[in-house]
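Residue-level listing of the chains:
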Amino acid sequence: MTIYLLDYGAGNVRSLVNAVCKLGYSIRPVESVEDIDKAEKLIFPGVGAFGSAMERLASTGYDKALERYIASGRPFMGICVGMQCLFAGSDESPGVKGLGLFPTTVKKFDSTSKSVPHMGWNSTTVQQEQDGQPWINHAGEDGTRYYFVHSYAVPATDQDWEFGTTQYGEERFVATVRRGNVFATQFHPEKSGWAGLKVLRSFLECDNVRTGAERRLPSTPPTVDRLTKRIIACLDVRANDQGDLVVTKGDQYDVRERSADGSDVRNLGAPVDLARKYFEHGADEVTFLNITAFRNLPLGDLPMLEVLKRTSECVFVPLTIGGGIRDMEEPDGKIVPALEVAGEYFRSGADKVSIGSDAVYAAEEYLASGRKLTGKTAIEQIARVYGAQAVVVSIDPRRVYVDTPESAPTHHVIPTTTTGPNGEKFCWYQCTVKGGRENRDFDVFQLVTSVEALGAGEILLNSMDKDGTNSGYDLELINHVRSAVRIPVIASSGAGKVEHFEEVFQKTGVEAALAAGIFHREEVPIQTVKTYLRTKAYQVRALEG
Ligand code: 1PR
């Protein structure tokens, strides 16, 4: 059986290849129109914007080949933008025509009352076939969670090709489509843990290809948004004094042991082993932060590339990589643009890149220029090519206490219940760069509103004051940021017990909570956090989906 993957170089397809291999199949990349013509099964994992996907298909002649392929009745599977391309068009790229297999237009989610992108684990309601088993028999099961990440979706209108639908806020959209030999998912099966692998296996195993539209029994559409709160495991990675790449963990960003004789970098394990362990323990995402990436290394020597490649062979949930996403200078003086650096990471298995210091510089310039978008910042460029959902901005703020708001007139000052060393009742949050080594005259509110305008898709909100303290998240900081932007926010720093997770979700409404120390030291397993949240009526993903 020749299974082909239609990749146009716009993102992470390595995970899909790895997922297919894990299921015991091999898959080849489409390199020519002839490959599509001779494929016996075809998977199209679209990534990036609708317009650029369609333009790439048109410029290579793949659009016509795809139409021929689908008309021939051979099994086709589309994923995410690969599903959206089957529609007539998308509000994301007005004027660009899709393949038009389904007559509807893809619409942008309404962000008035919810965060956009829709990012995380949600369930689909599957329609039952009238005539027995569908050829895709694991195209999502009621209650099972799959990983979605998208700002645009097809509104559900109960057409006969709508195979499964999902509720996000007040909107119900099409999660899976099926007509004849065509099956497609808005979610990412290759990133949806064991549940996603089951969907993929179903497609790989199917041999009962039917043509023509098949009717299904109507089922009650879900009216409840079942998007879960995400629990993210974070691995701070750096080389220790022996030159080995290790997962480390600081207290307020100091990663050296506190022993009398030594100041070795704390070594909590090997990056790939720990990532696999957290995936197996039910982490909804894994984030790697290369914490010494402010040092210049040639692109080919970036140690995290290999870590990502190996991790994506055994971890089937989203992977984020941070540290060093910026223009890099090679030893010969050549500048490698941030877009290219990010591209290397995506090709190595990352789903998102996280930008720290460079985001602060870009935001400072953006405000100084009177909010002009130049299209030249790393955030803008990476978001344009790979989509906003692939760009996280990681923030390392530190509290600056003041007596009155007037004491810091150029900054966003908030009242605080945690008073300062001299009894100060107000504070503002100062941005830092280079892993907290340098303070900037720039506050976190200025930063998050600017990076959202530049096109970032998510905020990873650390706290230098809370990091490693086990004393709970900085709820005031998190509320300050959550209310400033519409994009999803990940709360980070300070988790010490299960109650801290409930507290942060209940009091701030963030979409995700990240922790490092308590997971590394095995003080609280990820499943214990989830079990606790479930008893408090929060929706969380089960280990099997
Ligand atoms: O500036 O784009 O090269 O990115 C550098 C990245 O490295 C940033 O994301 C920055 O946050 C991170 N970083 C740099 N130095 C450190 C350090 O610790 N010395 N780590 C560092 C940030 C904080 C979190 C931590 C949470 C949760 N560490 O990653 O995982 O605070 O910890 P906890 O649950 O144990 O409290 P660039």
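Residues numbered from 1 in each chain as written. Predicted model: local features only at pLDDT ≥ 70, side-chain atom pairs only at ≥ 80, totals over all residues.

Moving on to the site of the ligand. Gly356, Ser357, Ser394, Gly435 and Gly517 are the nearest of the 32 residues found near the ligand. Elements with a minimum of two residues in the shell around the ligand: strand 14 (230–239), strand 20 (352–355) and helix 10 (357–368). Its residues assigned to classes, the shell around the ligand shows 12 nonpolar, 15 polar and five charged. (Near = placed C-beta within 6 Å. Helix = DSSP H or I, 4+ residues; strand = E, 2+ residues; numbered from the N terminus. Nonpolar A, V, L, I, M, F, W, Y, C, P; charged D, E, K, R; others polar.)

Turning to the pairing of strand 4 (residues 76–80), a few remarks are in order. Counted residue by residue, strand 4 has five buried out of five residues, so it is predominantly covered. Two strands pair when backbone bridges link them, and strand 3 (residues 41–46) and strand 4 are joined in this way by five bridges, in the parallel orientation. Looking at the pairing, Gly46 lines up with Cys80 of strand 4. Pairing of strand 4 with strand 13 (residues 182–185) involves four bridges; the strand directions are parallel. Within the sheet, the bridge partner assigned to Met77 lies in strand 13 and is Phe183. (Buried ≥ 20, exposed ≤ 12 C-beta atoms within 10 Å, placed from the backbone. Pairing = 2+ DSSP bridges.)

Take the domain arrangement of the chain next. Taken domain by domain, the chain comprises domain 1 (3–205) and domain 2 (230–535). If you average the C-alpha positions of domain 1 and of domain 2, the two centres end up 30 Å apart. The interface of domain 1 with domain 2 comprises 26 residues on the first partner and 25 residues on the second. Breaking the side of domain 1 that touches domain 2 down by element, the ones donating at least two residues are helix 1 (14–22), strand 7 (118–123), strand 9 (145–150) and helix 6 (193–205). Its residues placed into classes, the side of domain 1 that touches domain 2 shows 11 nonpolar, 12 polar and three charged. (Domains from an automatic or database assignment. Contact = placed C-beta atoms within 7 Å.)

Here the bond from Val116 into Pro117 is cis, since omega is 5°, no more than 30 degrees from zero. Here Pro117 shows up in the loop between strand 6 (102–108) and strand 7. Positive phi, normally seen in glycine, also occurs at Cys80, with a value near 60°. Among the structural elements, Cys80 can be located in strand 4. Residue Cys80 is classed as buried on the basis of its C-beta count, with 26 C-beta atoms lying within 10 Å. Although it is not a glycine, Asp158 sits at a positive phi angle of roughly 60°. Inspection of the secondary structure assignment puts Asp158 in the loop between strand 10 (152–153) and strand 11 (162–168).

Checked against the element boundaries, Ile321 lands in strand 17 (residues 319–322). In this structure Ile321 touches Phe288, Met304, Leu308, Tyr345, Ala350, Val353 and Ser354, once residues within four positions along its chain are discounted.

As a further point, take helix 13 (residues 475–482). Within helix 13, six of the eight residues are buried, which leaves the element mostly enclosed by the surrounding structure. Taken residue by residue, helix 13 has Leu475, Leu477, Ile478, His480, Val481 and Arg482 as its buried positions. On its buried face, helix 13 sits against strand 23 (414–415), strand 24 (426–433), helix 12 (444–454), strand 26 (458–461), strand 27 (489–491) and helix 14 (498–508).

Strand order in this open sheet of three strands is 5-6-10, and the pairing throughout is mixed. Each edge of the open sheet is held by one strand with a lone partner, namely strand 5 (87–90) and strand 10. Two strands pair when backbone bridges link them, and strand 5 and strand 6 are joined in this way by three bridges, in the parallel orientation. Note on strand 6: the bridge partner recorded for Ser90 is Val106.

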